[in-house]
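A structural walkthrough
Chain residues, written in single-letter form:
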Amino acid sequence: MAVSPELLEILRCPKCRSKVEIDAEETRLKCVNPECSLVYPIRDDIPVMLIDEATVEK
Ligand SMILES: [Zn+2]
């Protein structure tokens with residue numbers, strides 16, 4: 001797994017402070033808050049938790 005479960009547990013969306021979950025391909029992290037729905041990239045196994053880098057996916 002690209003991102004450890006322990007790290008996933010502590011990561012929060014910087015916009016809304018909700019949890020994030022990893023997608024099936026393990027290449028992106030998605031905010032679980034449906035009102036927010038920001039998706040953060042993972043680069044070189046490092047989650048990029050920056051609003052500027054995120055995309056919105058409804
Ligand atoms: Zn969010």
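Everything in this summary refers to the structure shown in the same document. As the structure is a computational prediction, the values presented were derived from the model and not from experiment.

**Concerning the overall build of the chain**
- A tally of regular secondary structure across the chain gives 1 helix and 5 strands.
- Secondary structure elements of the chain occur, N-terminal to C-terminal, as α-β-β-β-β-β.
- At 10 Å, the chain has a C-alpha radius of gyration in line with the 10 Å of a compact globule built from 58 residues.
- Dimensions along the principal axes, computed over C-alpha positions, put the chain at roughly 25 × 20 × 20 Å.

**A look at the environment of Pro41**
- Note on placement: Pro41 falls in strand β3 (residues 38-43).
- In this structure, the C-alpha to C-alpha distance between Pro41 and Ser4, residues 37 residues apart in sequence, is 15 Å.
- Pro41 has contacts with Arg28, Val48 and Glu53, leaving out every residue within four places of it along the chain.

**Concerning the environment of Glu9**
- Checked against the element boundaries, Glu9 lands in helix α1 (residues 5-10).
- Along the sequence, Glu9 and Glu21 sit 12 residues apart, while their C-alpha atoms lie 8.9 Å from each other.

**A closer look at the pairing of strand β2 (residues 28-31)**
- Alignment of strand β1 (residues 20-22) against β2, held across 3 bridges, turns out to be antiparallel. The residue of β2 that forms the bridge with Glu21 is Lys30.
- Turn length for the β1-β2 hairpin, with the two strands adjacent in sequence and antiparallel, is 5 residues, and the turn residue Glu26 shows positive phi of about 60°.
- Examined bridge by bridge, β2 and β3 share 3 bridges and lie antiparallel to one another. Note that in β3 the partner of Leu29 across the bridge is Tyr40.
- As consecutive antiparallel partners, β2 and β3 are separated by 6 residues, and within that stretch Ser37 has a phi angle of approximately 55°, a positive value.

**Side note on the nonpolar core**
- Among the nonpolar cores identified, the biggest contains 7 residues, and these are Cys13, Val20, Leu29, Cys31, Leu38, Tyr40 and Ala54.
- Taken together, the elements giving at least two residues each to this core come down to β2 and β3.
- If near-sequence neighbours (up to four positions away) are discounted, Ala54 is found in contact with Leu38, Val39 and Tyr40.

Quick notes on the rules
Residues numbered from 1 in each chain as written. Predicted model: local features only at pLDDT ≥ 70, side-chain atom pairs only at ≥ 80, totals over all residues. Helix = DSSP H or I, 4+ residues; strand = E, 2+ residues; numbered from the N terminus. Rg over C-alpha atoms; globule rule 2.2 N^0.38 Å. Contact = placed C-beta atoms within 7 Å. Pairing = 2+ DSSP bridges. Core = buried A, V, L, I, M, F, W, Y, C linked by C-beta atoms within 7 Å. Buried ≥ 20, exposed ≤ 12 C-beta atoms within 10 Å, placed from the backbone.

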